[in-house]
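Chain residues, written in single-letter form:
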Amino acid sequence: MKKINILILLVVFTFSLVCCRTTKVSNGEMGQINGHPAWMMQGNIYEVNVRQYTPEGTFNAFAKHLDRLKAMGVETIWFMPINPISKLDRKGTLGSYYAVSDYTTINPEFGTMDDFKNIVKAIHDRGMKVLIDWVPNHAGADHRWIAEHPDFFVKDNSGKAAVAFDWADTRQLDYKNPIMQDSMIAAMKFWVKDTDIDGFRCDVAWNVPAAFWNKSIPQLKKMKNVFMLAEGDSTYLPKSGFDAVYPWHMFKMMEKVAKGEKTALALDSINKENETRYPEHTIQMYFTSNHDENSWNHADFGTFPGVIHAPFAVFTQTMKNSIPLIYSGQEEPVLRALEFFEKDPIVFKNFQREKFYKTLLDLRKRNAALSANTSFKKVFIGNEKAIYAYIRENGSQKVLVILNFSASEQSISIKDTSLTGKAFNVFEEKEVILNAIERKIKPWSYEVYEY
């Protein structure tokens, strides 16, 4: 009898462990899908330019926007670099975020370390995640390592720390130095351990050797189920442990389609290229703007102007193998290039795109068909040089996306019987009947349906 009771207790205990483990996997805290954090597969990223986000330009001032962003559907906050900025060779009055003078302290322009820890906690309390921008390729011109560890840097002809590329306010780190590598890893671990962040967006990741990423990323992921995003599209980056890369080839093609230089068919050529170029399950972070594209190339107001923006934004939110990004102020929208080295605050007032983005972000969150790892199939419903239509599917969940990537009205007809019948029009928020009857779709318009 005692043996039976003990056996029952063991079964119950084992079952409880399995249940606990399953719960953790399902809510994404511990689980992975195809080697990536499960919590990001149906997630999204919102990039925060702290300096320009509020008149104060501080963490505490930004914190007042958290509830609004949460309500809009934002799930992950990416802070541009939060470290202090070098004064030597500084660009402009305030300098570039990407000229870091110390990897383990906070830029006083934004507040204190306690302020940052508090905002991380506030973000976590709302069920959201935090990424910080990391600058491993180069340090600021007066980074403390230059005096303390001059051997950490590549030398120029005069024996001084060499400028990285043509960025005069920076100095190139030497990845042939294993002690420098260990110091960089220790600095990254500091932010995970001491502030509980959830991952890194790694600046100029494409110029840092694969050996470093192969060494560092497993150590970071051992500490926590972090998400690693590489600024770059080199094929060695996903092979070296990064969860996601930049879709530069696709983004440049999107710009050409927006200008009328290429047709919608050109996007397929990039899809095919990606299939052969990257390892299976590689994720790309799609966007219509980010800090570089806004400040230097006038995105999105110049690259996808006016009504042209919307179908491309839908594309970035619904494409295969993707995680979407929204940049600071795109929900307003900010229709100008933000200053990079000076104070130039965003004015939030109208939030004209907020409902548009909320519709897309909520759709991605609730519908597993838009997970980064689910199927993608093109659908022919009209002139393929203008109409880009596709299905995302996961089991019984299915999403149909119809985009008119042209300045002309187009005729469309849905003849695939698996797509006709009842469907939910996501943007009109109503059930409709789709059929093969030919109809018109306006220039630069979009339709999204759930089944």
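Residues numbered from 1 in each chain as written. Predicted model: local features only at pLDDT ≥ 70, side-chain atom pairs only at ≥ 80, totals over all residues. Heavy atoms only, no water.

With respect to the environment of phenylalanine 116
1) Next: Along the chain, phenylalanine 116 falls in helix H5 (residues 113-125).
2) Next: For the pair phenylalanine 116 and isoleucine 82, spaced 34 residues apart in sequence, the C-alpha separation works out to 8.9 Å.
3) Next: Apart from the residues lying within four places of it in its own chain, the contact partners of phenylalanine 116 are Phe59, Phe79, Ile82, Ile106, Ile132, Trp191, Thr195 and Ile197. (Helix = DSSP H or I, 4+ residues; strand = E, 2+ residues; numbered from the N terminus. Contact = heavy atoms within 4.5 Å.)

Some points on the packing of aromatic side chains
1) Next: Going through the model one piece at a time under the given rule, you end up with 45 aromatic pairs.
2) Next: Aromatic side chains tyrosine 98 and phenylalanine 340 sit 6.4 Å apart centroid to centroid with 25° between the ring planes, which places their arrangement in the stacked category. Taken together, the residues tyrosine 98 in the loop between strand S4 (76-79) and H5 and phenylalanine 340 in the loop between strand S12 (322-327) and helix H14 (354-366) connect sequence positions 242 residues apart.
3) Next: For phenylalanine 340, a relative accessible area of 9% translates into the label buried.
4) Next: Measuring from centroid to centroid gives 5.2 Å for tryptophan 145 and phenylalanine 152, while their planes differ by 85°, and the two rings are edge-to-face. Here the two residues tryptophan 145 and phenylalanine 152 agree in accessibility, since each one is buried.
5) Next: The ring of tryptophan 39 has lysine 129 sitting right over it, with the charged end atom 5.1 Å from the ring centre. (Phe/Tyr/Trp six-rings, centres within 6.5 Å; stacked < 30°, edge-to-face > 60°. Buried < 20%, exposed > 50% of the residue type's maximum accessible area, 1.4 Å probe, protein only. Lys NZ or Arg CZ within 6 Å of the ring centre and 35° of its normal.)

A short note on the sheet that holds strand S18 (residues 430-434)
1) Next: In spatial order, the strands read S13-S14-S15-S20-S17-S18; together these six strands make up an open sheet with antiparallel pairing. The open sheet has two edge strands, strand S13 (375-378) and S18, and neither has a second partner. On average, each strand axis in the sheet is tilted by 30° relative to the strand beside it, whichever way the strands run.
2) Next: Of the strand pairs in this sheet, strand S15 (residues 397-404) and strand S20 (residues 446-450) are connected by five bridges, and their pairing is antiparallel. Note on S20: the bridge partner recorded for isoleucine 402 is glutamate 447.
3) Next: In this fold H14 packs onto S15, strand S17 (421-425) and S20, with an angle of close to 30° to the strand it touches most, S20. (Pairing = 2+ DSSP bridges. Axes fitted to C-alpha atoms, helices over the stretch in contact; angles between N-to-C directions.)

A word on the nonpolar core
1) Next: One finds Phe79, Phe116, Phe200 and Phe315 to be the most contacted residues of the largest nonpolar core, which totals 122 residues.
2) Next: In terms of nonpolar packing, the next biggest core, distinct from the first, is built from 15 residues, Ile387, Ile412, Leu434 and Tyr449 among them. (Core = buried A, V, L, I, M, F, W, Y, C linked by side-chain atoms within 4.5 Å.)

Side note on the side chain of histidine 309
1) Next: Residue placement: histidine 309 occurs in helix H13 (residues 309-318).
2) Next: Given the relative accessible area of 3%, histidine 309 is considered buried.
3) Next: Among residues more than four places away in sequence, those in contact with histidine 309 are Thr288, Asp300, Phe304, Gln330, Arg353 and Tyr357.

A look at the confidence of the model for the protein chain
1) Next: When pLDDT is averaged along the protein chain, the result is 94, and 93% of the positions lie at 70 or above.
2) Next: Ignoring residues within four places in sequence, the model shows residues 1-28, a span with pLDDT below 50, making eight contacts including any to other chains. (pLDDT = per-residue confidence, 0-100.)

A few points about the pattern of salt bridges
1) Next: On inspection of all chains with the given rule, the structure shows 25 salt bridges.
2) Next: Glutamate 255 is the salt-bridge partner of lysine 252, the closest N and O atoms lying 3.8 Å from each other. Pair noted here: lysine 252 and glutamate 255 are both in helix H10 (residues 248-259), with a separation of three residues, about one helical turn.
3) Next: Judged by its relative accessible area of 38%, lysine 252 is partly exposed. (Salt bridge = Lys/Arg side-chain N within 4 Å of Asp/Glu carboxyl O.)

So, empty space enclosed by the protein
1) Next: Per the counting criterion, the structure on display carries one cavity of 30 Å³ or more.
2) Next: Considering only enclosed or pocket space, the largest cavity measures out at about 60 Å³ in volume.
3) Next: Forming the boundary of the largest cavity are Ser289, Asn294, Ala299, Asp300, Tyr327, Ser328, Gly329, Gln330, Val334 and Leu338.
4) Next: Among the residues forming the lining of the largest cavity, the class breakdown is four nonpolar, five polar and one charged. (1 Å grid on protein atoms, 1.4 Å probe; cavity = no way out; pocket = protein on both sides within 12 Å on 5 of 7 lines; lining within 4 Å. Points joined across faces, edges and corners; volume = space filled by probe spheres on them. Nonpolar A, V, L, I, M, F, W, Y, C, P; charged D, E, K, R; others polar.)

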